[in-house]
Amino acid sequence: MERRCVLNSWSKEEGRVVIRYERARGVSGTEIHNRLVEVYGPGVMSKQMVRRWCLTFSDGRQQVEDIPRVGRTRTTTTDANVGKVDDMIRANRRITIDEAEELGISHERAENIIHDILRYRKVSARWVPRQLTSTH
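Residues numbered from 1 in each chain as written. Predicted model: local features only at pLDDT ≥ 70, side-chain atom pairs only at ≥ 80, totals over all residues. Heavy atoms only, no water.

Glancing now at the overall build of the chain. Helices and strands together make up the secondary structure of the chain, namely six helices and two strands. Sequence-ordered secondary structure for the chain, helices as α and strands as β, is α-α-α-α-α-α-β-β. Looking at the 136 residues of the chain, the share that counts as buried comes to 27%. The contacts in the chain between residues at least 6 apart in sequence include a share of 52% that link residues at least 24 apart. Accessible area of the chain: about 9,800 Å², with a carbon and sulfur share of 49%. (Helix = DSSP H or I, 4+ residues; strand = E, 2+ residues; numbered from the N terminus. Buried < 20%, exposed > 50% of the residue type's maximum accessible area, 1.4 Å probe, protein only. Contact = heavy atoms within 4.5 Å. Areas by Shrake-Rupley, 256 points an atom, 1.4 Å probe, with all protein chains shown as cover.)

Turning to the packing of aromatic side chains, a few remarks are in order. Tallied over the entire structure, the rule returns one aromatic pair. Plain terms: the ring middles of tryptophan 53 and phenylalanine 57 are 5.4 Å apart, the flat faces sit at 35° to each other, and that makes the pair tilted. Remark: phenylalanine 57 and tryptophan 53 occur in helix 3 (residues 47–58); sequence separation between them is four residues, near one turn of the helix. For the pair tryptophan 53 and phenylalanine 57, a shared accessibility class is recorded, and that class is buried. (Phe/Tyr/Trp six-rings, centres within 6.5 Å; stacked < 30°, edge-to-face > 60°.)

The next subject is the packing of helix 1 (residues 12–24) against helix 2 (residues 29–40). Between helix 1 and helix 2, the least distance of the axes is 10 Å, while the angle of their chain directions is 140°. It follows from the interaxial angle that helix 1 and helix 2 lie oblique. In this structure, helix 1 crosses over helix 2, and the sense of that crossing is right-handed. Where helix 1 abuts helix 2, its residues Glu14, Gly15, Val18, Ile19, Glu22 and Arg23 lie against Gly29, Ile32, Arg35, Leu36 and Tyr40. Split into classes, the residues belonging to the contact of helix 1 with helix 2 amount to five nonpolar, two polar and four charged. (Axes fitted to C-alpha atoms, helices over the stretch in contact; angles between N-to-C directions. Parallel < 35°, antiparallel > 145°, perpendicular 65-115°, else oblique. Left-handed = near helix turned anticlockwise from the far one by under 90°. Nonpolar A, V, L, I, M, F, W, Y, C, P; charged D, E, K, R; others polar.)

Packing of helix 4 (residues 79–91) against helix 6 (residues 107–117) brings their axes to within 10 Å, and their N-to-C directions diverge by 75°. The angle between helix 4 and helix 6 falls in the class roughly perpendicular. Within the contact between the two elements, helix 4 uses Asn81, Val82, Val85 and Ile89 and helix 6 uses Ile113, Ile114 and Ile117. Taken together, the residues of the contact of helix 4 with helix 6 sort by class into six nonpolar, one polar and no charged.

In this section: the UniProt feature "domain: Mos1 transposase HTH" (unreviewed entry) in the chain. As annotated by UniProt and renumbered to match this structure, "domain: Mos1 transposase HTH" (unreviewed entry) occupies residues 16–55. Overall, residues 16–55 shows 75% helix and 0% strand. The separation of its end C-alpha atoms is 12 Å. (UniProt positions renumbered as here; feature names shortened; annotations may be inferred.)

This is the structure:
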């Protein structure tokens, strides 16, 4: 009786290494996908993505890591801006996101900094940390 272990965690690079190895052995993209799902579970990678990586490796690519892309870098979600927004909130708990935009950042970035990075939420029109720590 063959016993298989499903691995719950995997990285993109790990999946790509498996694809590269199996492709070099001549295994089809569909079969590679089936093997990945068998070992890593159904959320590992789509069949279309496996086929795309098979083509990429067949075209001669050796690297499994992401290639850095050109484009606009994030310039507003910096440690300095996060600190400034935090200081503004600590000075005035009733501040609005629109007022945080005065720092020259978009509404979306201000909201991202407040909610996702600083983890504040509104309670009775005041910003409070989601989870109070000993410093709060």
